[in-house]
Amino acid sequence: MRTVLHEAAELGQSVWLDTISRDLILSGGLERWIEQGVVGVTTNPAIFEQAIAKTEDYDREITDLFAQGKDAAGVYEALTLREVGAAADILRPVYDRTQGLDGYVSLEVNPLLASDTDSTVDEAERLFGLLGRPNVMIKIPATPEGILAVAGATAVGVNVNATLIFSEEQYARVANAYLCGLRSCISATFPASVASVFISRVDTAVDKELAAKGEESLCGRIAVDGARMMYQHFKKEAFAGAEWKELAAKGARVQRPLWASTGTKNPAYSDVKYVQELIGPNTVNTVPPKTITAFLDHGRAAASIEDDLAGARARLRRLEELGIDRKAICAKLLADGIESFNGAFRSLLEAIEEKAGARA
C-alpha cells in the first residue's frame, strides 16, 4: 500500500506515531499504521496517563503487580516497559530494514528528574538497559540540566530523544550536547538521537500576542519559521564541517530534527499544516493519529522545509520589532511543558493507586 507517508519518506522525512496503548498493540493497529508508512512511535507521561488511567485495559494487571509488592511507581514502570518493549518488537523489522535509521519507540525518563543531570543520566541508562533493545530511545527534557544529561547519556551509548525544544538557542545547545556525547562515547557503537522541536504550541502562544498588537498577518507563521531556522543550523552548522565529517566517518549519525506537537490546535489553520510545511531530508515528524489520518486523506508530500527562508527571517525580525519576546515565550513553554508532564505523571500514579484500591 503506497501512501503519502511513503512519498514523504522518499523526500527524507520519517513519520512516527505519537501515541501508544494496549489496544493499539494487541489489535494489530500498530502493524496497520506501519503498512501505511509509519516508521516509529513516541510516548510521554500524558500519553501513558490516557492509556493507563483513562481505560480499564490495565486494571487487572495493576492489581496483580500491587499484590506482588510493587508501589505505584513500580507498577507504572512495569506497564510502560512492557508496552514500549512490545511496540519495539513490532517495529524491529523497520529498524532492520532501515539499518537503524527508523523503527524506534521512545520512553521518557521520570519527568520529576528534569532538574537533576546525574539522576537523569542514571535513569536513562537504567531504562535503556532494562528494555534491552537497540530500537528504543529514552526521552530527556531539554532543560539546562537535561541538555547536560543528553551528553552524558549519549556518551554511555543510550539512544536519546531530546524533547521539549522550543527555541533556536535551545536546539543549538541540544545538538552541541549530542556532539559532545559522541566525542566521548565509550560504547562499541555510536547511539542514535533525535531532537524533538515542539511546533504548534509556539504559534498558540505567539498568536495571542500578535492579535493583541493587531498583527494578525504574522499569525500561524512563527512556529514554522523558527523550525526552518533550526533546520538551517542543523544542516549548515551543527552537522557540517571537518569535526562532524570525522565523527561520521567513524559511524556516527546526525541527530535528526523531530517535529513534535504537530496536531493543529487552531481550527482556522489547515489540519495538516505542521506536517505539510516541514518536510525535508533528515527529519522526523511525530504525529497524533487524527492528524496522520488527515494527512493520508488529503495531505501532499513536497520538500518544504526550506521554503521562503528570506520571508521567515523577515517575519522573525518583525516579531522583535513589535517587542514580542520569543525567547521568553519559549522559556515559559518549556516550564509549562515540564509541569504538564509532571502533572500527568503524578495523576497517573494516583490513578494507579486508586485502581488497585478499588479492585482490592
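Please refer to the structure placed before this passage.
This report concerns the structure included in the present document. All figures in this text were calculated on a predicted structure; none of them were measured in a lab. (Residues numbered from 1 in each chain as written. Predicted model: local features only at pLDDT ≥ 70, side-chain atom pairs only at ≥ 80, totals over all residues. Heavy atoms only, no water.)

### So, the overall build of the chain
Turning to step 1, where the next piece is worked out: Looking only at helices and strands, the chain features 16 helices and seven strands.
Turning to step 2, where the next piece is worked out: In terms of C-alpha radius of gyration, the chain reaches 20 Å, essentially the compact-globule figure of 21 Å for 360 residues.
Turning to step 3, where the next piece is worked out: For the chain, the spread of C-alpha atoms along the principal axes amounts to about 60 × 50 × 45 Å.
Turning to step 4, where the next piece is worked out: Residue pairs at least 24 apart in sequence account for 77% of intrachain contacts in the chain once pairs closer than 6 positions are excluded.
Turning to step 5, where the next piece is worked out: For the chain, the exposed surface amounts to about 14,800 Å²; the carbon and sulfur share of it is 50%.
Turning to step 6, where the next piece is worked out: Where the 39 positive side-chain charges of the chain centre and where its 50 negative ones centre are 4 Å apart. (Helix = DSSP H or I, 4+ residues; strand = E, 2+ residues; numbered from the N terminus. Rg over C-alpha atoms; globule rule 2.2 N^0.38 Å. Contact = heavy atoms within 4.5 Å. Areas by Shrake-Rupley, 256 points an atom, 1.4 Å probe, with all protein chains shown as cover. Lys, Arg positive; Asp, Glu negative; His and termini not counted. Charge placed at Lys NZ, Arg CZ, Asp CG, Glu CD.)

### Digging into the layout of surface pockets
Turning to step 1, where the next piece is worked out: Here the largest pocket is characterised by a volume of approximately 440 Å³.
Turning to step 2, where the next piece is worked out: Together, 27 residues line the largest pocket, and D18, N44, I47, R201 and P288 are the ones closest to its centre.
Turning to step 3, where the next piece is worked out: When residues of the lining of the largest pocket are traced back to their parent elements, those giving at least two are helix 4 (45-53), strand 4 (160-165), strand 5 (193-198) and strand 6 (256-260).
Turning to step 4, where the next piece is worked out: Ranked by residues supplied to the lining of the largest pocket, first place goes to helix 4 with four residues.
Turning to step 5, where the next piece is worked out: Considered class by class, the residues forming the lining of the largest pocket number ten nonpolar, 13 polar and four charged.
Turning to step 6, where the next piece is worked out: Taken together, 18 residues line the second largest pocket, and the ones lying closest to its centre are N159, T189, F190, P191 and A192.
Turning to step 7, where the next piece is worked out: For the lining of the second largest pocket, the residue count by class is nine nonpolar, seven polar and two charged. (1 Å grid on protein atoms, 1.4 Å probe; cavity = no way out; pocket = protein on both sides within 12 Å on 5 of 7 lines; lining within 4 Å. Points joined across faces, edges and corners; volume = space filled by probe spheres on them. Nonpolar A, V, L, I, M, F, W, Y, C, P; charged D, E, K, R; others polar.)

### Structural notes on the pattern of salt bridges
Turning to step 1, where the next piece is worked out: Scanning the entire structure with this criterion turns up 23 salt bridges.
Turning to step 2, where the next piece is worked out: A salt bridge links R133 to D89, with the shortest nitrogen-to-oxygen separation between them at 2.7 Å. In this pair, R133 is assigned in the loop between helix 7 (117-131) and strand 3 (136-141) and D89 in helix 6 (residues 72-97), connecting sequence segments 44 residues apart.
Turning to step 3, where the next piece is worked out: With a relative accessible area of 24%, R133 lands in the partly exposed category.
Turning to step 4, where the next piece is worked out: The residue E169 makes a salt bridge to K327 at a minimum N-O spacing of 3.8 Å. You can see E169 sitting in helix 9 (residues 168-183) and its partner K327 sitting in helix 16 (residues 326-359), a full 158 residues away along the chain.
Turning to step 5, where the next piece is worked out: Residue K327 is classed as exposed on the basis of its relative accessible area of 56%.
Turning to step 6, where the next piece is worked out: Within this structure, R22, E61, R82 and E83 form a network of salt bridges that share partners. (Salt bridge = Lys/Arg side-chain N within 4 Å of Asp/Glu carboxyl O. Buried < 20%, exposed > 50% of the residue type's maximum accessible area, 1.4 Å probe, protein only.)

### Points about empty space enclosed by the protein
Turning to step 1, where the next piece is worked out: Following the criterion strictly, the structure yields one cavity of 30 Å³ or more and no others.
Turning to step 2, where the next piece is worked out: Its volume calculated, the largest cavity comes out at about 50 Å³.
Turning to step 3, where the next piece is worked out: F166, V197, F198, I199, V202, I222, A223, G226, A227, M230, R326 and C330 are the residues that line the largest cavity.
Turning to step 4, where the next piece is worked out: Sorting the residues of the lining of the largest cavity by element identifies strand 5, helix 11 (222-238) and helix 16 as the ones contributing at least two each.

### A closer look at the packing of aromatic side chains
Turning to step 1, where the next piece is worked out: Here the structure, examined in full by the defined rule, presents nine aromatic pairs.
Turning to step 2, where the next piece is worked out: Aromatic pair Y95 and Y104: ring centres 5.6 Å apart, planes at 90°, arrangement edge-to-face.
Turning to step 3, where the next piece is worked out: According to the relative accessible area criterion, Y95 is buried, its value standing at 16%.
Turning to step 4, where the next piece is worked out: Aromatic side chains Y178 and F239 sit 6.2 Å apart centroid to centroid with 50° between the ring planes, which places their arrangement in the tilted category. With Y178 in helix 9 and F239 in the loop between helix 11 and helix 12 (242-249), this residue pair connects regions lying 61 residues apart in the sequence. No difference in accessibility class separates Y178 from F239, as the two residues are buried.
Turning to step 5, where the next piece is worked out: Among the aromatic residues, those joined into a ring-pair cluster are Y178, Y231, F234, F239 and W244.
Turning to step 6, where the next piece is worked out: Lying across the ring of Y269, K273 places its NZ or CZ 5.6 Å from the centre. (Phe/Tyr/Trp six-rings, centres within 6.5 Å; stacked < 30°, edge-to-face > 60°. Lys NZ or Arg CZ within 6 Å of the ring centre and 35° of its normal.)

### Some details on the packing of helix 11 against helix 15 (residues 309-321)
Turning to step 1, where the next piece is worked out: At a closest axis distance of 9 Å, the pairing of helix 11 and helix 15 adopts a crossing angle of 120°. Comparing the axis directions of helix 11 and helix 15 gives the class oblique. Pair helix 11 / helix 15 crosses with left-handed handedness. Facing helix 11, whose interface residues are I222, D225, G226, R228, M229 and Q232, helix 15 presents L309, A312, R313, R315, L316 and L319.
Turning to step 2, where the next piece is worked out: Tallied by class, the residues present in the contact of helix 11 with helix 15 amount to six nonpolar, two polar and four charged. (Axes fitted to C-alpha atoms, helices over the stretch in contact; angles between N-to-C directions. Parallel < 35°, antiparallel > 145°, perpendicular 65-115°, else oblique. Left-handed = near helix turned anticlockwise from the far one by under 90°.)

### What to know about the sheet that holds strand 7 (residues 283-287)
Turning to step 1, where the next piece is worked out: Reading across the sheet, the seven strands line up as 1-7-6-5-4-3-2 and stay open at both edges, with parallel pairing between neighbours. Looking along the sheet, the strands with just one partner apiece sit at the ends: strand 1 (13-17) and strand 2 (105-108). Here the average twist between neighbouring strands, direction ignored, is 30°.
Turning to step 2, where the next piece is worked out: As defined by bridge partners, strand 4 adjoins strand 5 across four bridges and the pair is classed as parallel. Paired with A162 across the bridge in strand 5 is A195.
Turning to step 3, where the next piece is worked out: With respect to the sheet, helix 9 is in contact with strand 4, strand 5 and strand 6, its orientation differing from that of strand 4 by roughly 165°. (Pairing = 2+ DSSP bridges.)

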